[in-house]
Amino acid sequence: MSVTLPQGFRASGVTAGLKPSGKPDVAVIENLGPSFAAACVFTANRCKANPVLWSEQVVADGEVRAIVVNSGGANCYTGSRGFQTTHASAERTADLLGISAGDVLVCSTGLIGELLDEPKLFGGIEAAVGALDADGGDAAAQAIMTTDTVPKIATHQGAGWSIGGIAKGAGMLAPSLATMLVFLTTDAALTSDELDAALRVACARSFDRIDSDGCMSTNDTVALLASGASSVHPDLDEFAAALSELCLDLALQLIRDAEGASHDIAITTVNAASESDALEVGRAVARSNLLKCAIFGNDPNWGRILAAAGTTQAAFDPQRIDVSINGVMICRDGEPGEDRELVDMAASRDVTIVIDLKAGPEAATLWTNDLTTDYVHENSAYST
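Heads up: these notes are all about the structure in this document. (Residues numbered from 1 in each chain as written. Predicted model: local features only at pLDDT ≥ 70, side-chain atom pairs only at ≥ 80, totals over all residues. Heavy atoms only, no water.)

### As for the overall build of the protein
No. 1: Helix and strand counts for the protein come out as 10 helices and 15 strands.
No. 2: The C-alpha atoms of the protein give a radius of gyration of 22 Å, which matches the 21 Å a tight globule of 384 residues would have.
No. 3: Within the protein, contacts between residues separated by at least 24 positions form 79% of all contacts whose residues are at least 6 apart in sequence. (Helix = DSSP H or I, 4+ residues; strand = E, 2+ residues; numbered from the N terminus. Rg over C-alpha atoms; globule rule 2.2 N^0.38 Å. Contact = heavy atoms within 4.5 Å.)

This is how it looks when you write it as structure tokens:
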């Protein structure tokens, strides 16, 4: 049920014909209230798609009553016509639901630089509103997919309240955020300020720590809506922890479905002088195409890890660093450690890299994937 697990929500997903494949491509999520509190986090990319520009205005007052989403086109760099399409999508959804267009988030995902087919899109919106159902969360999860191979769904059941979430994204997964759309719902009775605080913590610990290919999208949106239908005001720390756990679940589902990936890689930097140092080193390693290619070939080439770490400003002595891959310390104090032949990366998709900076008490983990020929093939033909 995903986003329709919490009380007070309906959702749907339909086929409008925006995708040549004929797969579902329009979704609607409706908050039935009694509360309409909301919070969002958007891409840090300065080149933002029209739906992001619209939705930033919508959520400014902390209230959202519905979300309309299309896959099959990003509606980005489509000029004033594209923004008019975004506005019209919100108005069409609002008219059908009897609400204000200023309370409708609009999200799009797909190829940049092409106008959406408005008749198909608007027809899809009408069909999606007509199909809204208290069990429609899974259909919505299907409709927001692009190059994803599976839908991403997660739920949490609290004491009298719950959270549901769906996500899409399989490439351009990079901090701040990814080429992803994430929609979260809760029936907890929380204010928009409380939602915003919890969401920013959750994103920092999850979506901002996955990095598939170092590329940042133009359409990223994470939206959290609260209906208040349970009438329960949970402990804020408890809610934030549950939301963070659910977002990390979705984030790891995104990495597991990264385009063409054959390995899922967890990079943990330990004993750093600061958390920011740990994150900086982890990101540098996660973005090393040389390392990602080596892991694709099941080659534990630890020199590429040190080379990436050395590009950062993090505090550490390069001659004291340790590196382990899948539990084998193949570099000790900046010198060869155990035999690299002991590292087995062929038996499982999971690869664990631990980098010990020996510079302090802090640690952080980032998640990435290998760089494969399938990734190159898929992205070389994406627009054709």
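### Section: the packing of aromatic side chains
Here the distance between the centres and the angle between the planes together describe a pair of aromatic rings.
No. 1: Summed over all chains, the structure comprises 2 aromatic pairs.
No. 2: Centroid distance Trp-161 to Phe-239: 5.6 Å. Interplanar angle 50°. Geometry classified as tilted. In this pair, Trp-161 sits in the loop between strand 6 (152–157) and strand 7 (162–168) while Phe-239 sits in helix 6 (residues 236–256), placing the two residues 78 residues apart along the sequence.
No. 3: Here the guanidinium or amino end of Arg-65 rests over the ring plane of Phe-36, the centre of that ring lying 3.9 Å away. (Phe/Tyr/Trp six-rings, centres within 6.5 Å; stacked < 30°, edge-to-face > 60°. Lys NZ or Arg CZ within 6 Å of the ring centre and 35° of its normal.)

### Some points on the state of the cysteines
No. 1: Inspection of every chain in the model, using the stated rule, returns 0 disulfides.
No. 2: Not engaged in a disulfide, the cysteine Cys-76 finds its nearest cysteine sulfur in Cys-47; these two sulfurs lie 7.4 Å apart. (Disulfide = S-S within 2.5 Å.)

### Digging into the nonpolar core
No. 1: Grouped together as the largest cluster of nonpolar side chains are 47 residues, with contacts concentrated most on Ile-67 and Phe-183.
No. 2: A per-element tally of this core places helix 3 (residues 118–130) first, with 5 residues.
No. 3: In contact with Ile-67, other than residues within four places in its own chain, are Ala-27, Val-28, Ile-29, Leu-105, Cys-107, Phe-183, Ala-223 and Leu-225.
No. 4: Membership of the second largest hydrophobic core comes to 34 residues, among which are Ala-154, Trp-161, Ala-202 and Leu-243. (Core = buried A, V, L, I, M, F, W, Y, C linked by side-chain atoms within 4.5 Å. Buried < 20%, exposed > 50% of the residue type's maximum accessible area, 1.4 Å probe, protein only.)

### Notes on the sheet that holds strand 6
No. 1: If you walk across this open sheet you meet the 5 strands as 3-9-8-7-6, and the pairing is mixed. Each of the sheet's edge strands pairs with one partner strand only, and the pair in question is strand 3 (37–42) and strand 6. For this sheet, the mean angle separating the axes of adjacent strands, direction not counted, is 10°.
No. 2: One ladder, built from 6 bridges, connects strand 8 (residues 181–186) with strand 9 (residues 221–226); its direction is parallel. Its bridge partner lying in strand 9, Thr-186 is registered against Ala-226. (Pairing = 2+ DSSP bridges. Axes fitted to C-alpha atoms, helices over the stretch in contact; angles between N-to-C directions.)

### Remarks on the packing of helix 5 (residues 192–205) against helix 6
No. 1: Viewed as axis vectors pointing N to C, helix 5 and helix 6 meet at an angle of 40°, and their least axial separation amounts to 8 Å. Compared by their axis directions, helix 5 and helix 6 come out oblique. Pair helix 5 / helix 6 crosses with right-handed handedness. From helix 5, Glu-194, Leu-195, Ala-198, Leu-199, Val-201, Ala-202 and Arg-205 reach across to helix 6, where they touch Leu-236, Phe-239, Ala-240, Leu-243, Ser-244, Cys-247 and Leu-248.
No. 2: Here the contact of helix 5 with helix 6 is built from residues that sort into 11 nonpolar, 1 polar and 2 charged. (Parallel < 35°, antiparallel > 145°, perpendicular 65-115°, else oblique. Left-handed = near helix turned anticlockwise from the far one by under 90°. Nonpolar A, V, L, I, M, F, W, Y, C, P; charged D, E, K, R; others polar.)

### Focus: the packing of helix 2 (residues 79–97) against helix 3
No. 1: Packing of helix 2 against helix 3 leaves a shortest axis separation of 10 Å and a crossing angle of 25°. What the angle tells us is that helix 2 and helix 3 run roughly parallel. Relative to helix 3, the crossing made by helix 2 is right-handed. Contacts from Arg-81, Thr-85, Ala-88, Ser-89, Arg-92, Thr-93, Leu-96 and Leu-97 in helix 2 reach Glu-118, Leu-121, Phe-122, Ile-125, Glu-126 and Val-129 in helix 3.
No. 2: When the residues that make up the contact of helix 2 with helix 3 are grouped by side-chain class, the tally is 7 nonpolar, 3 polar and 4 charged.

Keep in mind these values describe shape, not function.
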